[in-house]
Amino acid sequence: MTDAAARARDAEARVAREGLRRARRLVIKIGSKSLAGDAWDRLAAEVHALLGGKAGRSIVIVSSGAIALGIGKLGFPSRPKDMARLQAAAAAGQSVLMQRYEEAFGKLMIPVAQVLLTHADLADRARTNNARNALAALLEAGAVPIINENDAVAVDEIKFGDNDQLAAMVTPLCEADLLLLLSDVEGLLDGDRKRVPFIKSVAREARHLAGDSTSGVGTGGMSSKVEAARRATLAGANVVIASAREPGIVGRVRAGEDVGTLFAAVPQRISARKHWIAYTLRPRGAVLVDRGAAAAIAGGDRSVLAVGVLGVRGTFLPGDAVAIVDPEGVELARGLARLSASDAARLARKKRDEPGEDVVVHKDDLVVLPVD
Ligand code: GLU
């Protein structure tokens, strides 16, 4: 990078940091490894300082820690490998986890509320709306929702992946403008193990640094955090990855101090509904489109019409999420199907005889994925 480019970038980072001072709704995700000893008291003090009588500010916590606490409580010698005992540990640990929050936040007169979610809840529009309304009512009442995955009933296919991903889905759900991913690392590190202060483009600047390491108790790892950061920035939130060990970290991030790694919100965020279609729902199948259709779709504001469809994969029904794939096999968009897989395949086959305007995915339900 030239000196001028480096200066321009520093200036950009400074402006982005300063923007954090205006954050009003904050999601704090905290990992298992960071929750021990007086961690809850420190977190409560930070939340208290931030909320402290200031109208219009609210905080949502996404907290791991149930499994780690449950392992000790049930006397398991180590983290179980089988699903049933993991779920047992989560169930036993979740009540201890909430007790820790109750005690620490209760001392400061901050009401907390447990919200347990599974991916199946957020993949359902009605249940998502219920969750959104419940969260809004809690915040309105001045409470701090403590969200975790409902591990005791979540098996692989309905799992979020991990709490970093859960936090990325919760961010648009509660219209947060700042997501803080707290763990035991000071941020994203470069090849010389130095903290990267600012990321503008995840694909160009961050992905290769994140690798795919995982980190012991949490299943997260840096690549999961970077992906969560990318998704939350697309919803219009700034995201900071920082260390839970740094004293006063929440207040310092919000004050615009140069700590952790800041991922800047995209200037043109996608709506909560489109974010849900692209990043919460899991595609049930794929619609393969020809080159012309792919170019039109990528250009934006176009529906997927049967005339451009080469074929389908999977067995989806109307309303299911599908991936839109170009002839090279690259997924370029996601959307909600208007037709079932069999109807879409049939229309695609007969289109030559009866060209029509059959809509496979309507543009209102279609999200072009960023090339980034
Ligand atoms: N839900 C898990 C727990 O409370 C943690 C999952 C994660 O950290 O990603 O232990």
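Just above sits the structure.
It should be emphasised that the depicted structure is a prediction, and the values quoted were computed from it without experimental measurement.

(A) Broad picture of the environment of Leu-26. Within the element layout of this structure, Leu-26 appears in strand β1 (residues 25-30). Considering only alpha carbons, one finds Leu-26 and Gly-65, 39 residues apart in sequence, at a separation of 20 Å. Those residues in contact with Leu-26 that sit more than four places away from it in its chain are Leu-50, Ser-58, Ile-59, Val-60, Leu-178, Leu-180 and Val-250.

(B) How the structure looks around the packing of helix α3 (residues 66-74) against helix α4 (residues 83-107). Packing of α3 against α4 leaves a shortest axis separation of 6 Å and a crossing angle of 105 degrees. It follows from the interaxial angle that α3 and α4 lie roughly perpendicular. Within the contact between the two elements, α3 uses Ala-66, Ile-67, Leu-69, Gly-70, Ile-71, Lys-73 and Leu-74 and α4 uses Leu-86, Ala-88, Ala-89, Ala-90, Ala-92, Gly-93, Gln-94, Ser-95, Val-96, Leu-97 and Arg-100. Residue composition of the contact of α3 with α4, by class: 12 nonpolar, 4 polar and 2 charged.

(C) Up close: the environment of Lys-363. One can find Lys-363 in strand β14 (residues 359-368). By relative accessible area, which is 31% here, Lys-363 ends up partly exposed. As for Lys-363 and Ser-303, which are separated by 60 residues in sequence, their C-alpha atoms are 4.1 Å apart. Look past the residues within four positions of Lys-363 in its chain and what remains in contact with it is Lys-274, Asp-301, Arg-302 and Ser-303.

(D) The site of the ligand, seen in detail. Around the ligand, the structure places 9 residues, and the nearest of them are Ser-64, Ile-67, Asn-148, Asp-151 and Asn-163. At a separation of 3.0 Å, an oxygen atom of the ligand approaches a polar backbone atom of Ala-66. Here an oxygen atom of the ligand and a backbone polar atom of Ile-67 are 2.9 Å apart. When the ligand is considered free in solution it has 300 Å² of accessible area, and contact with the protein chains removes 91% of it. For the shell around the ligand, a count of residues per class yields 2 nonpolar, 5 polar and 2 charged.

Quick notes on the rules
- Residues numbered from 1 in each chain as written.
- Predicted model: local features only at pLDDT ≥ 70, side-chain atom pairs only at ≥ 80, totals over all residues.
- Heavy atoms only, no water.
- Helix = DSSP H or I, 4+ residues; strand = E, 2+ residues; numbered from the N terminus.
- Contact = heavy atoms within 4.5 Å.
- Axes fitted to C-alpha atoms, helices over the stretch in contact; angles between N-to-C directions.
- Parallel < 35°, antiparallel > 145°, perpendicular 65-115°, else oblique.
- Nonpolar A, V, L, I, M, F, W, Y, C, P; charged D, E, K, R; others polar.
- Buried < 20%, exposed > 50% of the residue type's maximum accessible area, 1.4 Å probe, protein only.
- Near = heavy atom within 4 Å.
- Polar contact = N/O pair within 3.5 Å; in protein donor to acceptor, adjacent residues only side chain to side chain.
- Areas by Shrake-Rupley, 256 points an atom, 1.4 Å probe, with all protein chains shown as cover.

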